[in-house]
Amino acid sequence: MALMSPPDGGTAGSRGLVRGRKALLAAIAVLVVGLVITGTLAVVTFRGHQRTEKTLLALQTTLIADAGEAEDQLYVEDHLGAAATLAAATDGDVATFRRAMSTSVGTGEPFVTGSLWRLSGSSLQLMTQVGGEPLVPVTAALLRQAAASKTFVVTELAAGDALRLGFAAAASGPDGTFVAYAEEALPAGRRISEPAGSPVAQLNLAVYLGRSQDSAALLETDSSAPLPLRGTTYTTQIPFGNTFLTITTSPRSSLSGTTGQILPWAIVGGGLLVTVLAALLTERLVRRRESAEQLTGEISRLYMEQRSVAETLQHALLPQQLPDIPGMEIAVRYLAGASGVDIGGDWYDVVQLDDHRFVFIVGDVSGRGVRAAAVMASLQFVGRAFAQEGYPPATILDRLSRSVDIARDGHFATVLCGLADIDAHTVVLANAGHLPPLLLSGDDAHFVTVNPGPPVGIPGPVPLASAEVKTAANDVLIAYTDGLVERRGEILDAGLERLQEAASKDYSSLDDMLSGIVTELSADTPTDDIALIGLKWLR
Amino acid sequence: MAALDSGDRASVTIKTWVEDGTPVVSLSGELDLTNAEHVRSVISDALSGQTARLVFDMSGVQFMDSSGIALLASAIRKVQEVELRNPTPIVRRLVELTGLAGILRITP
C-alpha cells in the first residue's frame with residue numbers, strides 16, 4: 001500500500017546531501033568570518049605593540065643620545081676647546097696648556113694624549129705634549145682643517161688593533177692660531193658593555209662616526225647581534241664636532257613588557273578556539289533546524305498522503321458508473337470538504353430494477369472519519385441489496401435502520417430514498433431525517449416535503465411515511481446532502497432558498513445545472529462534504 | 001456549571017442543573033460543527049448517573065446546524081424521553097426537517 005511504502009530513497013539521499021552541504025557551508029562561512037576577525041585583531045594588536053615599542057625605543061634612544069653622546073661633544077668642547085682658547089689668550093703658554101689638560105689626559109681620563117700646536121702662516125710648531133704618544137703622527141692637514149673649522153674636527157685613527165679618535169680644536173689669539181689636539185682610545189674591538197642597571201642595558205646600541213652605518217665607521221657597540229641592527233630599530237644623529245654621531249638602537253626584549261608581546265598570540269589562540277567552536281555550533285544548529293524542517297515536510301507529506309488515501313477510499317465507495325436508464329438523464333457530484341484527513345459519510349446510489357423502474361438513495365452519515373465511512377459503506381450495501389429486492393422506499397429505510405445504531409456505532413444517518421416508475425410517471429419517496437428534495441417542474445421549483453421519520457440509527461415509534469409524486473417530461477428532481485445548503489451562522493431555510501434560486505436558472509443541460517448549483521452554493525472552503533444527484537425525466 | 005468558548009469555535013454557553021430529579025441542560029449561543037464535540041463531552045460529564053428523562057432548554061440557541069441534531073439524536077438513544085424546551089424557530093425547523101419532532105417531547 002502506498003501509505004506503507006518508504007519515502008523514495010534517491011530523493012531522501014540527495015536531500016540529506018544538500019542538507020549536509022548547507023550546514024557545512026554555514027560552518028565554513030562562520031569559520032572564515034571568525035578567522036578574518038581574529039587575524040585583523042591580531043594584526044592590529046601586533047601593530048599597536050610595535051608602535052609602542054618604537055615609541056619607547058625612540059624615547060630611550062633620544063635619552064641616551066642626549067645624556068651620553070651629547071656629553072662627549074660638550075666634554076671635547078669644554079676641555080680641548082678651552083685649552084686652545086687659553087693657549088690663544090696666553091700666547092701659547094705651555095704651562096697653562098698643561099695645567100688645563102691635566103684633568104683630561106692620563107690614565108682613567110678620556111684622553112690618552114694631548115698636544116698644543118702653533119700655526120703661523122705655513123709653519124706648524126709643536127709647543128708641548130702631555131700623556132702618551134699619538135697613535136700615528138699628527139698631520140698638518142688635520143690641524144689646518146681644525147684652524148679653518150668653527151668647531152673641533154674629529155678623525156678616526158687606526159694602527160694595528162688599536163683604534164683611537166683624534167680631536168683637534170683651534171683658537172686664534174693676537175699672536176697667532178693655536179690648535180689643541182687630543183686622542184681618545186676606542187674600546188677594544190669597538191665593544192662596550194653596559195652595566196645591568198643602565199637604561200641602555202635592554203637595548204642593542206651601535207654608535208657610528210658620521211652619518212652612515214658602515215662597519216668601518218663603527219665606533220662602539222654592545223650588541224651581540226650582527227650589525228647593522230635589524231628588526232625594530234631607531235636611529236638618531238647628533239652633531240659631533242665637524243661631523244655627526246649616528247646612534248642606532250634595537251630592543252633586546254619587549255620594552256613595553258611581556259603583555260603587549262603575548263597579546264597578539266593570545267588573540268590568535270583565543271580567536272581560533274572561539275571560531276572553531278562557533279563553526280561547530282553553527283553546523284549543528286543548521287543541521288538540526290534542517291532536520292526539523294524536513295520532519296515538518298515529512299509530516300505534511302504523510303498528512304497529504306493520508307488525506308489522499310481517505311479521499312480515494314471515499315470515491316471508491318461511491319458508484320463508479322451510474323446505470324444508463326432509458327428515458328432518464330442522471331448526473332451526480334461529490335465534493336470532499338476540507339476538514340483535515342477525516343472523510344465524510346455522504347453517499348448516493350442509483351439501482352435499476354427493470355427497464356422502467358429504478359431506486360435512488362442519497363444519504364449522510366453523521367460525524368466524520370473512517371468509522372463514519374465504514375457505516376456509510378455498510379448502509380450503501382444494505383440499501384442496494386434491499387432496493388434490488390424490489391422493496392418500497394419506506395421498507396428500505398426501515399431495514400437500513402436495523403444496520404446502524406447510534407448507541408452502538410456512534411453514528412446515525414439521514415437518508416432519502418425514492419422509487420421511480422418512468423412509465424407510470426410517479427416517484428414514491430421516503431425520508432429518514434434527510435433534507436427535502438427539490439422538484440423542478442416547468443417554471444415551478446418546490447421542495448417535496450414528505451413527513452420525515454427520524455434518521456436511521458435512531459429508533460422511532462412511528463412507521464415511516466411515504467409520499468407519491470407525479471412526474472412529467474423535463475421534470476428535474478435534485479436530492480442533496482446538507483453540506484450543499486448549510487453555512488455556518490446561517491439558518492437552514494436561507495440555504496434552501498439559495499438552492500431553489502440557483503436551480504431555477506437556465507441551464508443547457510442537467511450536468512450544467514449541477515455545476516451551476518455547486519458553484520453558486522458551495523463556500524470557498526466547504527467544511528462539510530457535498531453529495532448531489534440530479535434526475536431528469538426525458539418523457 | 002458553565003463553559004464559554006472563544007476563538008475559532010462558535011460561542012456556546014452550557015448550564016446544567018437538576019429539576020425534580022431530571023437533569024436539565026441549558027444551551028445558549030451557537031451550536032455547530034466547531035463546538036458540537038465539546039458540548040457533547042460537557043453534557044456526558046453532567047449525566048453521570050442513570051436517568052430516564054433529559055431536558056434540553058434551547059431558549060437561548062441563536063443558531064444550530066446538523067451537529068446539534070447529532071447531539072439530540074445521541075441523547076434520544078440514551079434515555080427514554082428527551083424533552084426539548086422552548087426551542088427557538090431555528091431549532092424547531094431543524095428538528096422538524098430531520099424527523100426528530102416525532103420522537104422528542106417538545107414544550108411548549
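Residues numbered from 1 in each chain as written. Chains lettered and ligands numbered in written order. Predicted model: local features only at pLDDT ≥ 70, side-chain atom pairs only at ≥ 80, totals over all residues.

Caption draft 1: Examining the overall build of chain A more closely. A count of helices and strands for chain A gives nine helices and 19 strands. Partitioning the intrachain contacts of chain A with sequence separation of at least 6 by distance along the chain shows that 66% fall at a separation of at least 24. (Helix = DSSP H or I, 4+ residues; strand = E, 2+ residues; numbered from the N terminus. Contact = placed C-beta atoms within 7 Å.)

Caption draft 2: Examining unusual backbone geometry more closely. Residues and elements named next belong to chain B. The omega torsion of the bond from Thr 107 to Pro 108 falls at -5 degrees, within 30 degrees of zero and hence cis. Locating Pro 108 in the fold gives a position in the segment after strand 5 (105-107). Phi is positive for Asn 86, close to 50 degrees, though the residue is something other than glycine. Structurally, the position occupied by Asn 86 is in the loop between strand 4 (81-85) and helix 3 (89-97). C-beta crowding within 10 Å serves as the criterion here: with 16 such atoms nearby, Asn 86 is assigned to the partly exposed category. (Buried ≥ 20, exposed ≤ 12 C-beta atoms within 10 Å, placed from the backbone.)

Caption draft 3: Main features of the sheet that holds strand 13 (residues 413-421) of chain A. Residues and elements named next belong to chain A. Spatial ordering of the open sheet is given by 11-12-13-14-17, a layout of five strands whose pairing is antiparallel. Since the sheet does not close on itself, it has two edges, and those belong to strand 11 (345-352) and strand 17 (466-470), each with one partner. Strand-to-strand twist across the sheet, computed as the mean angle between neighbouring axes with direction ignored, equals 15 degrees. Sheet topology note: the strand 11/strand 12 (residues 357-365) ladder contains eight bridges and is antiparallel. The partner of Asp 349 across the bridge, within strand 12, is Ile 361. Seen against the sheet, helix 5 (residues 370-388) touches strand 11, strand 12 and strand 13 and runs at an angle of roughly 15 degrees to strand 11. (Pairing = 2+ DSSP bridges. Axes fitted to C-alpha atoms, helices over the stretch in contact; angles between N-to-C directions.)

Caption draft 4: Layout of the interface of chain B and chain A. Between chain B and chain A, the contact holds 20 residues from the first and 26 residues from the second. Looking at the side of chain B that touches chain A, the elements that each hand over two or more residues are helix 2 (66-78) and helix 3 of chain B. Counting residues per element, the side of chain B that touches chain A draws most heavily on helix 2 of chain B, which supplies seven residues.

Caption draft 5: View of the pairing of strand 15 (residues 438-441) of chain A. Residue and element names in this part refer to chain A. Note: strand 15 against strand 16 (residues 444-447), four bridges, orientation antiparallel. In the sheet register, Leu 439 faces strand 16, and the bridge partner there is His 446. The hairpin turn running from strand 15 into strand 16, its antiparallel successor, is two residues long, and Gly 442 in that turn takes a positive phi close to 65 degrees. Note that strand 15 and strand 18 (residues 476-480) share three bridges and pair antiparallel. Within strand 18, the position partnered with Leu 438 by the bridge is Ile 478.

Caption draft 6: Broad picture of helix 2 (residues 94-101) of chain A. Among the residues of helix 2 of chain A, those classed as buried are Phe 97, Ala 100 and Met 101 of chain A. Down the axis of helix 2 of chain A, the buried side of the element spans an arc of 90 degrees, and every buried residue falls inside it. (Arc of directions from axis to C-beta.)

Caption draft 7: Structural view of the nonpolar core. Formed by 96 residues in total, the largest nonpolar core has its most connected members in Leu 397 and Val 415 of chain A together with Phe 56, Leu 72 and Ala 73 of chain B. In this structure, Val 415 of chain A is in contact with Ile 361, Gly 363, Leu 397, Leu 400, Ala 432, His 434 and Val 456 of chain A, ignoring residues within four places of it in sequence. Counting residues in each nonpolar core, the second largest holds 50 residues, with Ala 169, Leu 218, Leu 245 and Ile 247 of chain A among its members. (Core = buried A, V, L, I, M, F, W, Y, C linked by C-beta atoms within 7 Å.)

Caption draft 8: The arrangement of the sheet that holds strand 7 (residues 218-221) of chain A in detail. All names here are of chain A. One open sheet accounts for four strands, arranged 7-6-9-8; its pairing is antiparallel. Lying at the two open borders of the sheet, with one neighbouring strand each, are strand 7 and strand 8 (234-240). Pairs of neighbouring strands in the sheet enclose a mean axial angle of 20 degrees, with direction left out of account. Bridge count for strand 8 against strand 9 (residues 243-251) is seven bridges, and the pairing is antiparallel. Within the sheet, the bridge partner assigned to Phe 240 lies in strand 9 and is Thr 243.

Caption draft 9: Inspection of the packing of helix 4 (residues 258-317) of chain A against helix 5 of chain A at higher detail. Residues and elements named next belong to chain A. One way to put it is that helix 4 packs onto helix 5 with a least axis distance of 10 Å and a crossing angle of 10 degrees. Our classification of the angle between helix 4 and helix 5 gives roughly parallel. When helix 4 is examined against helix 5, the residues Leu 313, Gln 314 and Leu 317 are found in contact with a partner set consisting of Ala 373, Met 376, Ala 377 and Gln 380. Considering only residue class, the contact of helix 4 with helix 5 consists of five nonpolar, two polar and no charged. (Parallel < 35°, antiparallel > 145°, perpendicular 65-115°, else oblique. Nonpolar A, V, L, I, M, F, W, Y, C, P; charged D, E, K, R; others polar.)

Caption draft 10: Structural view of the confidence of the model for chain B. All names here are of chain B. Per-residue pLDDT for chain B has a mean of 83; in total, 90% of the residues score no lower than 70. Across chain B, strand 4 holds the top mean pLDDT of 92, while helix 1 (residues 36-46) sits lowest at 81. With pLDDT under 50 throughout, residues 1-7 is counted as low confidence; its partners more than four residues away or in other chains account for 15 contacts. Confidence metrics for the complex model read pTM 0.56 and ipTM 0.84. (pLDDT = per-residue confidence, 0-100.)

Caption draft 11: Examining the environment of Thr 312 of chain A more closely. Residue and element names in this part refer to chain A. The residue Thr 312 is located in helix 4 in this model. Note on Thr 312: 12 C-beta atoms within 10 Å, which makes it exposed. As for Thr 312 and Ile 343, which are separated by 31 residues in sequence, their C-alpha atoms are 9.9 Å apart.

Caption draft 12: Summary view of the packing of helix 5 of chain A against helix 6 (residues 393-403) of chain A. All names here are of chain A. Remark: helix 5 packs on helix 6, axes separated minimally by 9 Å, with the N-to-C direction vectors making an angle of 145 degrees. Considering how the two elements wind past one another, helix 5 and helix 6 form a crossing that is right-handed. For the pair formed by helix 5 and helix 6, the contact residues are Ser 378, Leu 379, Val 382, Gly 383, Phe 386 and Ala 387 on the first element and Ile 396, Arg 399, Leu 400 and Ser 403 on the second. Among the residues making up the contact of helix 5 with helix 6, the classes are represented as six nonpolar, three polar and one charged. (Left-handed = near helix turned anticlockwise from the far one by under 90°.)

Caption draft 13: How the structure looks around the environment of Leu 285 of chain A. Residues and elements named next belong to chain A. On the secondary structure map, Leu 285 appears in helix 4. Taking the number of C-beta atoms within 10 Å as the measure of exposure, Leu 285 has 13 and is therefore partly exposed. Along the chain, Leu 285 and Ala 26 lie 259 residues apart, while their C-alpha atoms are 9.8 Å from each other.

Caption draft 14: Expanded view of the confidence of the model for chain A. Residues and elements named next belong to chain A. Summary statistics for chain A give a mean pLDDT of 85 and a share of 94% for residues scoring 70 or more. Here helix 1 (residues 9-89) stands out as the least confident element of chain A, with mean pLDDT 80; strand 18 is the most confident, with 97. Below a pLDDT of 50 lies the segment residues 1-14, which in the model reaches six contacts outside its immediate sequence neighbourhood of four places, other chains included.

Caption draft 15: Here's a closer look at the pairing of strand 12 of chain A. All names here are of chain A. Buried residues dominate strand 12, accounting for eight of its nine residues. From the end of strand 11 to the start of strand 12, which pair antiparallel, there are four residues. Across nine bridges, strand 12 lies against strand 13 in antiparallel orientation. Residue Phe 358 lies in a different strand from strand 13, and its bridge partner there is Ala 420.

Caption draft 16: Here's a closer look at helix 9 (residues 510-521) of chain A. All names here are of chain A. Between the first and last C-alpha of helix 9 there are 16 Å, a value that for twelve residues agrees with the 16 Å anticipated at 1.5 Å per step. Among the residues making up helix 9, those that are buried are Met 513, Leu 514, Ile 517 and Leu 521. All buried residues of helix 9 project into a common sector of 95 degrees when viewed along the axis, lining one side. Each element contacted by the buried residues of helix 9 is listed here: strand 10 (328-335), helix 8 (492-503) and strand 19 (530-537). (Expected span 1.5 Å × (residues − 1).)

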